[in-house]
Amino acid sequence: LLKHVTLRGPVWEPCCGDGAIARLIAAGGNDVVATDLFDHGFGEPGVDFFDCRAFPDGCRSMVTNPPYGDCGMTPRGTKAGTAMLQFVRHALDLTQRAEGQLALLVRFQWTAGRRASELITSGPLDAVLALKRRVRWFDRGKDTKPGQHHHAWLFWDSARDAKLPPRIVFTD
């Protein structure tokens, strides 16, 4: 992500988990505000993304891997696919209010769904960064399995020139 976009201001990671993404963003020279609904030993726990009405003070960008797959139920009792759409809709709304930036790591296949594609293109989409290598989520030494899904970073920027089409970049 950081090879292809420049993030503005402090960055908010609202689903920080164990801090994997937040640490990489910070290593890239960005200040990071890390929050999560649950306590994973990193960031500020107890912050429900859906209760947030604005970016944290000073933040101009949001970067996260939304915590919803494409199967099962979420803790709130909604189907994961519906929860993902709700998450992206809320993230886009917060980003537009902040006149900021949003980067979401999602399964590439998800982007092609009718409801997802309509939602994705409803905001100031600047780039789709398609990852050529599948993400390996957990390193278990010799028992590590290869990634099963292709992913992409979707990047929206409120400051982009709306006359230009979004970029599609294939990257490692």
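This structure is a prediction, so every number in the text was calculated from the model and none was measured. The residue numbers shown here count from 1 along each chain, following its written sequence. Where local features are concerned, this predicted model is filtered to residues with pLDDT of at least 70; where side-chain atom pairs are given and counted, the filter is 80 or more; whole-chain, interface and lining totals use all residues. Each side-chain value is derived from all of the structure's non-hydrogen atoms; neither hydrogens nor water enter the calculation.

The subject of this paragraph is helix α2 (residues 80–98). Strands here are runs of E lasting at least two residues and helices are runs of H or I lasting at least four, both read from the DSSP assignment and numbered beginning at the N terminus. The span you would expect from a helix comes to 1.5 Å times its residue count less one. An ideal rise of 1.5 Å per residue puts 27 Å on 19 residues; α2 measures up with 27 Å between its terminal C-alpha atoms. Exposure categories follow from relative accessible area, calculated using a 1.4 Å probe and restricted to protein chains: below 20% of the type maximum is buried, above 50% is exposed, and the middle band is partly exposed. For α2, the full list of buried residues reads A80, A83, M84, L85, F87, V88, H90, A91, L92, L94 and T95. In what follows, residue pairs with any heavy atoms lying within 4.5 Å of each other are defined as contacts. Turning to α2, the residues buried within the fold contact β1 (11–13), β4 (61–64), β5 (101–107), α3 (114–120) and β7 (151–157). One or two steps after α2, the chain reaches E99, where phi turns positive at roughly 50°.

Moving on, we come to the packing of aromatic side chains. Whether two aromatic rings pair depends on their centres lying within 6.5 Å, for rings of Phe, Tyr and Trp, where Trp uses its six-membered ring; planes under 30 degrees apart make the pair stacked, over 60 edge-to-face, and the rest tilted. By the definition in use, this model includes 5 aromatic pairs. Ring centres of W12 and F49 lie 5.8 Å apart, and the angle between their planes is 40°; on these two criteria the pair is classed as tilted. One end of the pair, W12, is in strand β1; the other, F49, is in the loop between β3 (44–45) and β4, and 37 residues separate them in sequence. A residue is classified by how much of its surface remains accessible, and W12, at 1% relative accessible area, is buried. Owing to a relative accessible area of 5%, F49 belongs among the buried residues under this scheme. On the numbers, 5.8 Å between centres and 65° between planes, the contact of W12 with F55 is edge-to-face. Of this pair, W12 sits in strand β1 while F55 sits in the loop between β3 and β4, placing them 43 residues apart in sequence. Comparing W12 with F55, the two get one shared label, buried.

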